[in-house]
Every structure is written in C-alpha cells, then in structure tokens.
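Inside the fold
Here's the letter readout for the chains.
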Amino acid sequence: MIFINITNTKKNKDFYQDSIVLLEGAISNITTKLDMIRKYKVVKGDRDPIEYIVTRVKSEDSMKEKLKRKKLDVTLENALTKIYDAAGVRIICAYIDDVYTVAEMLKKYKDLKVIKEKDYIKHPKSNGYRSYHIVFELPLDLAGEIKPIYVEIQIRTIAMDFWSNLEHEMRYKKNIKNQQLIGEELRRCADEIATTDINMQTIRKLIDSSK
Ligand code: 0O2
C-alpha cells in the first residue's frame, strides 16, 4: 500500500489554528476506515479495491482563493463551514467497479453523514473530468466537545487521476499558450481514458470469471 500524506506547512497551522487538529483527526478517521475496508475485502477473499490514498489539508492560499471565488468573506469560520474540502482524501483505484465498491462501503458507516455526492464518472464534466465525489460530515469529539467536520472524498481510477492532475496543472498555470488546443486534446484523452477504463474492467472480469 502506498500512502501519501501531504504535510501541512506552518502557514497552514497559522490559518486553521486549533482546528487543524480536527481536520487532521477527520482525515485519520477516514483513512482508518479505508484501512479496515481494504483488510475486510482481502479477508473475505476479494481483491483490495484501493491502489493508494492521498490526503491533504487544503493550503491557506488555495482556501483563500476558493472563498473569494465563492464570494465568501475570508474567515476561518467560512473555511470550515461553507467550504467542504478543507480536509480532503483522494482514493485511487485500479478499476471503475472498485470506485463504487469503496464509495458504497464508506457510506455504510453510521457516523458518516453524506452532505453532497457527485458522480462525475456517470456524468463527466464538459472538459472531460471524471471522478466520484462525496462530502461527509463527521462528528469529532475533542476535549469534551463534539464538532461536525466536513471531509471531501474523491474516488477515481489511476487513469482518471493521471488526467485530472495534468488538467489541474494547466488550469492553474497563468498565461498558458495554446489553451484551447490543450483543452481539446485533454477532452480527447479523457474520452480515450474512459474507453480504456471500461476495457480494463472487462478484461479484469474475464480473468476473474475464468479462474
Ligand atoms: P483544488 O485546487 O483542486 O482544490 P465545492 O468544492 O463543493 O465548493 P463544487 O464545484 O461544487 O465546489 O465541487 P466539485 O465539483 O465536487 O469540485 C471540488 C473539487 O473537485 C475541486 O476543488 C477539484 O479538486 C476537483 N475538480 C472539480 N472539477 C474539476 C475539473 O474540472 N478538473 C480537475 N482537475 N479537478 C476538478 P477546487 O477547490 O475547485 O480545486
């Protein structure tokens, strides 16, 4: 298992103050659940549905940019209650079916309340973006006080993640030349990737059924 945790800078801790403990706690809570899901699947004789997990607390700069984009005052209160991805967990799977398996298993946890769910795999964005998003509200008990914390979970295949990282890079690079051409090429690649993901899933099922 490859597990990457993007470390928080001191700047991040200054912005989120004591709430950094809750955000990191919420991420740990989700990764523990994911660890159990993986082990449960393997113990049951199934494949581990997760390739790797990336977690992060949204950087101060990115959070401030998002608050402004959403026309919200740049306050810690808004960052924690109006924006849902201060705590983020990205789950990378090999196959499309695994994405849905993980999503369904997470949704079975009684302490996770679904706040928002978007299936950009069944309904891709016009630029070709594919991913499954769920925002959970998780009650965290700290120093005798229960606080609801939001965590955004993104679940996608390796191929979708590869595409998304490149597209994200292009989107945030300023003054990029040939933006339209790159956008069109990315769109074309997204469709090719979607076809490959389906083909890989079909081959996987053929292998499994011929055992
Ligand atoms: P960043 O810089 O990646 O963190 P919400 O987050 O709910 O306020 P929205 O649009 O309802 O806003 O949520 P949505 O569509 O679920 O998007 C949330 C996150 O998904 C984004 O966070 C991105 O990380 C990712 N995402 C959504 N659309 C795209 C896309 O077209 N391309 C790529 N590469 N990623 C996307 P941020 O904060 O917008 O961006």
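Everything here concerns the structure above.
In short, a report on the structure.

Conventions we followed
Residues numbered from 1 in each chain as written. Predicted model: local features only at pLDDT ≥ 70, side-chain atom pairs only at ≥ 80, totals over all residues. Heavy atoms only, no water. Helix = DSSP H or I, 4+ residues; strand = E, 2+ residues; numbered from the N terminus. Rg over C-alpha atoms; globule rule 2.2 N^0.38 Å. Buried < 20%, exposed > 50% of the residue type's maximum accessible area, 1.4 Å probe, protein only. Contact = heavy atoms within 4.5 Å. Patch = residues over 30% accessible without salt bridge, like charges linked within 9 Å, V, L, I, M, F, W, Y side chains within 5 Å. Areas by Shrake-Rupley, 256 points an atom, 1.4 Å probe, with all protein chains shown as cover. Salt bridge = Lys/Arg side-chain N within 4 Å of Asp/Glu carboxyl O. Lys, Arg positive; Asp, Glu negative; His and termini not counted. Charge placed at Lys NZ, Arg CZ, Asp CG, Glu CD. Phe/Tyr/Trp six-rings, centres within 6.5 Å; stacked < 30°, edge-to-face > 60°. Lys NZ or Arg CZ within 6 Å of the ring centre and 35° of its normal. Near = heavy atom within 4 Å. Polar contact = N/O pair within 3.5 Å; in protein donor to acceptor, adjacent residues only side chain to side chain.

Moving on, we get to the overall build of the protein chain. The secondary structure content of the protein chain amounts to seven helices and six strands. Across the protein chain, helices and strands are ordered from the amino to the carboxyl terminus as β-α-α-β-α-α-β-α-β-β-β-α-α. Taken against the 2.2 N^0.38 rule, which gives 17 Å for 211 residues, the C-alpha radius of gyration of the protein chain at 18 Å falls within 12% of a compact globule. The principal-axis extents of the C-alpha atoms in the protein chain amount to approximately 55 × 50 × 25 Å. Within the protein chain, the proportion of its 211 residues that are buried is 41%. Residue pairs in contact within the protein chain that sit at least 24 positions apart in sequence constitute 66% of those at least 6 positions apart.

Taken together, the side chains of Lys70, Lys116, Lys118 and Lys125 define a basic patch exposed on the protein surface. With respect to the helices and strands, the residue Lys116 is situated in strand 4 (residues 113-119). Relative accessible area serves as the criterion here: at 36%, Lys116 is assigned to the partly exposed category.

It is worth spelling out the packing of aromatic side chains at this point. On inspection of all chains with the given rule, the structure shows five aromatic pairs. An aromatic cluster is built from Tyr120, Tyr129 and Trp163, whose rings are joined through pairwise contacts. One residue, Lys33, lies across the ring of Tyr109, its end atom 5.0 Å from the ring centre. Across the ring face of Tyr120, the terminal group of Lys125 is positioned such that the distance to the ring centre comes to 5.9 Å.

The immediate surroundings of the ligand are formed by 19 residues, with Lys58, Lys66, Lys116, Lys118 and Tyr120 found nearest. Contact between the ligand and Lys70: an oxygen atom at 3.0 Å from a side-chain N or O atom of the residue. Look at the ligand: alone it shows 740 Å² of surface, and the protein chains cover 87% of it. Of all the elements in the fold, those that place two or more residues in the shell around the ligand are helix 3 (60-69), strand 4, strand 6 (145-157) and helix 6 (158-172). Sort the elements by how many residues they give to the shell around the ligand and helix 6 lands first, with five residues.

A grouping of Met200, Ile203 and Ile207 is seen on the molecular surface, where their side chains present a nonpolar patch of about 270 Å² in accessible area. Tracing the chain through its elements places Met200 in helix 7 (residues 179-209).

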